[in-house]
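Here is how the chains run, residue by residue.
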Amino acid sequence: TRHSVLISTKNNQVYYLRVAAPDTIVFSFDLECFMPHDNASCLDAATTECSASFVADLQTPVGYTVGHPCIGLARTQHWYFLQNAGQALVELVPDALTDSFKILLIRGNCDAYECIAQYSSNDDKIIFHLDELYDYYIAIYGNVFDEGTARFSLQCGDLAVNDQCDGSVVLNCPQSV
C-alpha cells in the first residue's frame, strides 16, 4: 500500500485522477503542491563543506523523465559539489534512521565527468579519497515510489603520514603494528 503518489506535472496542464476498485469503496485523499528542489542537476549542485549536514527528500514522481548520468534511470537527484579545501579524505556518514538511498561519487565537471563509485545507505561509513587535481560531486537518489529522506553529514580529514610511499614506516622483525 502506497501512502502517497508524487506526480511530475507541467504548467497549464489539466490532470484527472481515476480511482477504481472491484467493490464499492469509500476513500479520501489530500492534494499537496510543492516546487522541486534547487539542486536537481550537476549545473545546480549545492556547494558543500566539511562538517555540513544535509536532508534530501528522495521520492521520485510518476512521469519523471530525467535520467541519472551514471545509472541511466529516471530518478529525482540531489547534487552536491564537494569543495576540495586541501582535504584528502571526505567521509559521508548516513544517519542511522535514514531510509534507503544511493550515493554516486562523480569526478570531473558538468560537461565531462566520470562515475567513480556507487554507495548505499546500507554502508556504515562512506569514505572518498579526493585528488586535488579534480572536482568532485556526489549525487543522491532513491527508488521510484519510495517515500524517503536521506540524512547525512560530511566530515573531512587528511591522509595519515604513512598513506604515501615517501611517508612509509620502517618495520623490523619481530615487530607488531
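Everything here concerns the structure above.
Here the structure is a predicted model, which means the values were calculated and not measured.

Some words on the environment of Leu-92
- Along the chain, Leu-92 falls in strand E4 (residues 89–94).
- Classification of Leu-92 as buried rests on a relative accessible area of 0%.
- Separated by 60 residues in sequence, Leu-92 and Phe-152 have C-alpha atoms that sit 6.6 Å apart.
- Among residues more than four places away in sequence, those in contact with Leu-92 are Ile-103, Lys-125, Ile-126, Phe-128, Ile-138, Phe-152, Ser-153 and Leu-154.

Examining the sheet that holds strand E1 (residues 46–48)
- Strand order across the open sheet formed by five strands is E1-E3-E8-E5-E6, with mixed pairing between neighbours. The outermost strands of the open sheet, each flanked by one partner alone, are E1 and strand E6 (113–120). Averaged over all neighbouring strand pairs, the angle between strand axes comes to 30°, with direction disregarded.

Points about the pairing of strand E3 (residues 77–82)
- When you tally the buried positions in E3, you get six out of six residues, the bulk of the element.
- Where burial is concerned, the two faces of E3 agree: the one with Gln-77, Trp-79 and Phe-81 and the one with His-78, Tyr-80 and Leu-82 are both buried.
- Of the pairings in the sheet, the one linking E1 to E3 comprises three bridges and is parallel in character. Within the sheet, the bridge partner assigned to Ala-46 lies in E3 and is Tyr-80.
- Pairing geometry for E3 and strand E8 (residues 136–141), over six bridges, is antiparallel. The partner of Tyr-80 across the bridge, within E8, is Ile-138.

About the criteria used
Residues numbered from 1 in each chain as written. Predicted model: local features only at pLDDT ≥ 70, side-chain atom pairs only at ≥ 80, totals over all residues. Heavy atoms only, no water. Helix = DSSP H or I, 4+ residues; strand = E, 2+ residues; numbered from the N terminus. Buried < 20%, exposed > 50% of the residue type's maximum accessible area, 1.4 Å probe, protein only. Contact = heavy atoms within 4.5 Å. Pairing = 2+ DSSP bridges. Axes fitted to C-alpha atoms, helices over the stretch in contact; angles between N-to-C directions.

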